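Structural description and commentary
Residue strings, one per chain:
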Protein chains: 2
Amino acid sequence: MTATIEVNGRGYRIPQRPVVVICFDGFDPSYLADAAPRGLMPRLVRMMAGGFAATATSAMPSFTNPNNVSIVCGAPPRVHGISGNYWFDRETGRDVMMTDAGPIAAPTILAGLGEAGVAVAAVTAKDKLRRVLGLGLAGAGRSGIAFSAECADTATVGEHGLTAAEALGGRALPDPYSAELSLFVLDAGIDLVARGRARVAYLSLSDYVQHAHAPGAPEADAFLAAVDARIGRLLDLGAVVGVTADHGMTDLALADGRPNVVYLGDLLDARFGVGHARVICPITDPFVRHHGALGGFVRIHLAAGADVEAVRDHVAGLPGVWMALTREEACRRFDLPMAREGDVAVVAVKGVALGMHRGDHRLDDLAGARLRSHGGLAETPVPFVLSHPPAPEPRRAGPLANWDVFDFALNCPAAGEIAS
Amino acid sequence: MTATIEVNGRGYRIPQRPVVVICFDGFDPSYLADAAPRGLMPRLVRMMAGGFAATATSAMPSFTNPNNVSIVCGAPPRVHGISGNYWFDRETGRDVMMTDAGPIAAPTILAGLGEAGVAVAAVTAKDKLRRVLGLGLAGAGRSGIAFSAECADTATVGEHGLTAAEALGGRALPDPYSAELSLFVLDAGIDLVARGRARVAYLSLSDYVQHAHAPGAPEADAFLAAVDARIGRLLDLGAVVGVTADHGMTDLALADGRPNVVYLGDLLDARFGVGHARVICPITDPFVRHHGALGGFVRIHLAAGADVEAVRDHVAGLPGVWMALTREEACRRFDLPMAREGDVAVVAVKGVALGMHRGDHRLDDLAGARLRSHGGLAETPVPFVLSHPPAPEPRRAGPLANWDVFDFALNCPAAGEIAS
């Protein structure tokens, strides 16, 4: 008999062998299409043939925080409340990081498993995300582990569930702007599984490499091969492994390399007057050097008494805009929480970034590199791969979401067996 | 009182002034996003501000013929039967151009207007398409005009409704692989409107420039500006002008410029054995030099007795595949005609082309240029611009389609007024 926990309305079986879910940040399916036939990712390709493979849909907006939280909750942003990295709080009139805005509104699968006595670890690239994913998992009165590669050297048993020495595992602290940040996360996960410290591990990488390098670039190739080798080590340890991504990645540069940006703030000022509309870029986070806070989704907050529908209709007709939706329309269409939605949500067309005002975005930090980013609908398709055949239940209605990955991994028959 | 005709279940008013619809082949919205703020398309931008602008959805697969026919029918491929350029006829076992497969299964708005006594002209870039769009419009017993830039020098009153001299209008016959092919179409349309030979004109361009040049490239800039100047001339003639596209365009090249192609034929042979599955690339047409017959949508035809669902599930998990659908699923989802659908329809992820076998596609014709193409869902968003405010009717349910453009143009209030 296998015990089951229920989290946000779904049942998850307590696994009998290690289960590892990897959120391969920014792993656009075009990388896999190129890498697979060239033999760069032999372990992932073998997983695809022997287990399960599909292209799933990420939560909108296609940013890191909403999707990581959706994955660990097994539920969309409407349920957990994290619908961006950055947020304009209409109550206080201040811009805040959503991860600083208080606890998420839903329990996580990780915390649920920890409460059920399972050894659980969450390792993230960046510390901001660790603080969210670690809620209810590590720290006072909790037995789980949650730490980031960024701050592994300051981990404590009291807050993170392990010492800094254990978190570092003999590795050097990686540069937050490097491929090594993600490889550190995977290596730490391998250690924790190998030493029996984690029965279930969630390993969340950084998209630094994909922001900078297109499919087929030597840097991208080297990174994919390095990730694949580590997936192989987890498989060799007997783990059931699920791999998905928080979002894809699209080249947003013009023929000569300049970014293709539509500055919505300027266009709104010109049409409705300065101060009428405020554009919020929810991709903003403390690490923007590789994308200048430019992505394919923004929110517009309007002055009191504004004609929301007039702004929506105007924005829907602006160049580079795929769709403009009122708060209600956006929440219905994308399963978003009302409290944190703008008055108008704007999705860019493929290949175009939406910005505030010209000058608000530090493009010099790109140092001449092509802008590659995400946030819109063009970056919602993501790989979804499981190392073992999933449960034979009938497919659920609606498209497969990246946040189905814990369901597939924990509930696959192999997870209930002791690895031989 | 204004007379109205009904075509495929929709009513269209007989216009009192010239109405011109331009199918701007391959006009991805990312071109507009870059060109508009740089002032390259002043007339189109003024249309957007004073008339109507949005991003509409093209019919799937996002190829030229299905979308041109959808636009002139005001209806999706399910209604008119043209769901690709190229088609495997399961009755005869032969590959045929859909445009050679007999008349389309629905009447066109152009023919309907012609029958109602309106002077109508269709000018296309390529002659294959002219033959389809001209059905019921020009030729024996018809009063309309239909000719192509490609074959303007062989136009006859009997078949095309005007002489070769009128069709050429003093212009040189353009190279089929050139920007001039499209500009010839627009100039011919301007002539016909100016001379009163057309009250309603449908002008269908070629995507040669966009296949070859990304947004911001000097060649793309020059082309957009040249098209915009011609839109301006049509407006100056008092025309109501609608502009949309048959599909967008996506860069499908890797970091070093090689195309990112998944050869489905090879993968299917490896899994199911040679001869079990036949991959059809419906982008194929007599002009493939600029895309090697590579796009984001293919059809798979299976040997008799094959397990269709097993093939679908296998293909859905292959790298680079966004979705694989059975015939029924594809027709339901994309409003396609059953008779011409494959056993499995396959849509690529953004940035990836689907091919038959390595070697089936002549990539040397690209001459080292980056592959840019279309056919998948990533190329369905297209600009949709009308020079005058549309009818104030409530928005119809569902997303705006490019094939709503004649409805918007003919039924807008300005079309019912005599131009001042």
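Residues numbered from 1 in each chain as written. Chains lettered and ligands numbered in written order. Predicted model: local features only at pLDDT ≥ 70, side-chain atom pairs only at ≥ 80, totals over all residues. Heavy atoms only, no water.

So, the sheet that holds strand 10 (residues 240–244) of chain A
Residues and elements named next belong to chain A. We count it as follows: Criterion used throughout: strands pair if DSSP finds at least two bridges between them. To qualify as a helix, a DSSP run of H or I must reach at least 4 residues; to qualify as a strand, a run of E must reach at least 2; elements of each kind are numbered from the N terminus. Fitting a line to C-alpha atoms yields each axis, with helices limited to the stretch in contact; the angle taken between N-to-C directions then spans 0 to 180 degrees. Here a residue-residue contact requires only that any non-hydrogen atoms of the pair lie within 4.5 Å.
An order of 4-19-10-3-9-7-8 is seen for the seven strands of this open sheet, with the pairing classed as mixed. Of all strands in the sheet, those with a lone pairing partner are strand 4 (52–57) and strand 8 (145–148), marking the two edges. On average, adjacent strands in this sheet sit at an angle of 15° to one another, irrespective of strand direction. In the sheet, strand 3 (residues 19–23) pairs with strand 9 (residues 200–204) via five bridges, with the strands oriented parallel. Looking at the pairing, I22 lines up with L203 of strand 9. Together, strand 3, strand 9 and strand 10 form the strand contacts of helix 3 (residues 64–73), whose direction differs from that of strand 9 by roughly 170°.

Remarks on the pattern of salt bridges
Residue and element names in this part refer to chain A. For clarity, the threshold we go by: Salt-bridge detection follows one rule: a side-chain nitrogen of Lys or Arg within 4 Å of a carboxyl oxygen of Asp or Glu. Exposure is judged per residue with a 1.4 Å probe applied to protein chains only, and the accessible area is read against the type maximum: over 50% gives exposed, under 20% gives buried, and values in between give partly exposed.
The final tally for this structure, using the stated rule, is 44 salt bridges over all chains. For R131, the salt bridge goes to D127, with nearest N and O atoms at 3.7 Å. Placement of both R131 and D127 in helix 6 (residues 127–133) is noted, with a separation of four residues, approximately one turn of the helix. Residue classification places R131 among the partly exposed residues on the basis of a relative accessible area of 45%. Given the relative accessible area of 8%, D127 is considered buried. Through salt bridges that share partners, D127, R130, R131 and E159 make up one connected network.

Details of the domain arrangement of chain A
All names here are of chain A. Here is the rule we go by: Domain segmentation is taken from an automatic or database assignment of domains. Buried area: the sum, over both parts, of the accessible surface (1.4 Å probe) that disappears when the two are put together. Under the rule applied, a polar contact is a pair of N or O atoms within 3.5 Å (in protein, one hydrogen donor and one hydrogen acceptor; residues adjacent in sequence only if both atoms are side-chain atoms).
For chain A, the domain assignment lists domain 1 (4–249 + 377–416) and domain 2 (261–371). Distance from the C-alpha centre of domain 1 to the C-alpha centre of domain 2: 28 Å. Counting residues at the interface gives 29 residues for domain 1, matched by 31 residues for domain 2. By the criterion of area lost to domain 2, the three top residues of domain 1 are R90, Y177 and L377, representing 23% of everything that side buries. Counting the contacts that link domain 1 with domain 2 gives three salt bridges. Between R78 and D335 there is a salt bridge, with its nearest N and O atoms 2.6 Å apart. At the surface where domain 1 touches domain 2, the tally comes to nine residue pairs in polar contact (both at pLDDT 80 or more). For the side of domain 1 that touches domain 2, the secondary structure elements donating two or more residues are helix 4 (77–80), strand 5 (86–89), strand 6 (94–97) and helix 10 (208–212). In terms of residue count, the dominant contributor to the side of domain 1 that touches domain 2 is strand 5 (three residues).

Quick notes on the packing of aromatic side chains
Residues and elements named next belong to chain B. Here is the rule: Pairing of aromatic side chains requires ring centres within 6.5 Å, counting the rings of Phe and Tyr and the six-membered ring of Trp. Pairs whose planes differ by under 30 degrees are stacked, by over 60 edge-to-face, and all others tilted.
Taken as a whole, this structure holds 16 aromatic pairs over all chains when the rule is applied. Geometrically, the ring pair formed by F52 and F408 is tilted, given 5.1 Å between the ring centres and 45° between the ring planes. Pair noted here: F52 is in strand 4 (residues 52–57) and F408 is in helix 15 (residues 405–410), with a separation of 356 residues, a long-range link. Across this residue pair, the class does not change: F52 and F408 are buried. With a centroid separation of 6.4 Å and 80° between ring planes, the pair formed by F63 and F297 is classed as edge-to-face.

Concerning helix 14 (residues 327–334) of chain B
All names here are of chain B. Condition: What the arc measures is the spread of directions leading from the helix axis to the C-beta atoms.
Buried residues of helix 14: A330, C331 and F334, and no others. Here the buried residues of helix 14 occupy an arc of 95° about the axis, which is enough to place them on one side. Facing away from the buried surface of helix 14 by more than 90 degrees, the exposed residues are R332 and R333. Turning to helix 14, the residues buried within the fold contact strand 15 (321–326) and strand 16 (344–348). With its phi angle positive at about 60°, D335 sits one or two positions after the end of helix 14.

A short note on the relation of the copies chain B and chain A
Note the threshold: Least squares is the method used to superpose the copies, on C-alpha atoms of residues holding a pLDDT of at least 70 in both.
Overlaying chain B on chain A yields an RMSD of 0.0 Å, the required transformation being a rotation through 180° with an accompanying axial translation of 0.0 Å. The relationship between the two copies is best expressed as a two-fold rotation axis. Among all residues of chain B, the one whose C-alpha sits closest to the rotation axis is A378(B), at a distance of 3.4 Å.

Details of the side chain of D89(A)
Residues and elements named next belong to chain A. Threshold: The charge count treats Lys and Arg as positive and Asp and Glu as negative. His and the chain ends do not count.
Tracing the backbone shows D89 in strand 5. Here D89 is buried and forms no salt bridge, its nearest opposite-charge partner R94 lying at an N-O distance of 5.9 Å. Each residue touching D89, except ones within four places of it in the same chain, is listed here: R94 and V96.

Describing the packing of helix 2 (residues 42–50) of chain A against helix 11 (residues 218–236) of chain A
Residue and element names in this part refer to chain A. Keep this limit in mind: Every angle not falling under 35 degrees, over 145, or within 65 to 115 is termed oblique; those three ranges are roughly parallel, roughly antiparallel and roughly perpendicular. Polar here means any residue other than Ala, Val, Leu, Ile, Met, Phe, Trp, Tyr, Cys and Pro, which are nonpolar, and Asp, Glu, Lys and Arg, which are charged; Gly is therefore polar.
With their axes 7 Å apart at the nearest point, helix 2 and helix 11 run at an angle of 55° to one another. Between helix 2 and helix 11, the angle falls in the class oblique. Between helix 2 and helix 11, the residues in contact are P42, R43, L44 and M47 and D228, I231, G232, L235 and D236, respectively. Tallied by class, the residues present in the contact of helix 2 with helix 11 amount to five nonpolar, one polar and three charged.

Examining helix 12 (residues 264–272) of chain B
Residues and elements named next belong to chain B. Burial in helix 12 covers these residues: L264, G265, L268 and D269. On an axial view of helix 12, the arc spanned by its buried residues comes to 135°, and they lie on one face. Phi turns positive one or two residues past the end of helix 12, at G273, with a value near 95°.

Some thoughts on the packing of helix 9 (residues 179–194) of chain B against helix 11 (residues 218–236) of chain B
Residue and element names in this part refer to chain B. Contact geometry of helix 9 with helix 11 gives a least axis separation of 10 Å together with a crossing angle of 5°. The angle between the axes of helix 9 and helix 11 places the two elements in the roughly parallel class. Of helix 11, the residues touching helix 9 (which contributes A179, S182, L183, L186, D187, G189, I190 and V193) are F223, A226, V227, R230, R233 and L234.

What to know about the sheet that holds strand 15 (residues 321–326) of chain A
All names here are of chain A. Spatial ordering of the open sheet is given by 13-14-16-15, a layout of four strands whose pairing is antiparallel. Every interior strand has two partners, whereas the edge strands, strand 13 (277–280) and strand 15, have only one. Here the average twist between neighbouring strands, direction ignored, is 25°. Taken together, the five bridges between strand 15 and strand 16 (residues 344–348) define a ladder with antiparallel strand orientation. Across the sheet, L325 pairs through a bridge with A345, a residue of strand 16. Across the face of the sheet, helix 12 (residues 264–272) comes into contact with strand 13, strand 14 (297–302), strand 15 and strand 16 while running at roughly 170° to strand 13.

Brief notes about the environment of G216(A)
Considering the arrangement of structural elements, one finds G216(A) in the loop between helix 10 and helix 11. Put simply, G216(A) and V346(A) are 130 residues apart on the chain and 31 Å apart in space, counted from C-alpha to C-alpha. Excluding residues within four positions of it along the chain, G216(A) makes contact with D34(A), R38(A), D221(A), L254(B) and A255(B).

Thoughts on the interface of chain B and chain A
Listed per partner, the contact involves 38 residues of chain B and 38 residues of chain A. Of the roughly 2700 Å² buried at the junction of chain B and chain A (both faces included), carbon and sulfur atoms supply 58%. Where chain B touches chain A, the interface holds two salt bridges. Across the pair K350(B) and D28(A) runs a salt bridge, and its minimum N-O distance is 2.8 Å. Inspection of the chain B/chain A interface yields 12 residue pairs in polar contact (both at pLDDT 80 or more). Counting residues per element, the ones that place at least two in the side of chain B that touches chain A are helix 1 (29–35), strand 4, helix 13 (308–316) and strand 15 of chain B.

What to know about unusual backbone geometry
Excluding glycine, residues mostly have negative phi values, and the peptide bonds linking residues are mostly trans. A cis amide bond links M60(A) to the next residue, P61(A), at an omega of -10°. Here P61(A) lies in the loop between strand 4 and helix 3. Look at N8(A): it is not a glycine, yet its phi comes out positive at around 50°. Tracing the chain through its elements places N8(A) in the loop between strand 1 (4–7) and strand 2 (10–13). Despite not being glycine, A293(B) shows a phi value in the positive range, around 60°. Considering the arrangement of structural elements, one finds A293(B) in the loop between strand 13 (277–280) and strand 14 (297–302).

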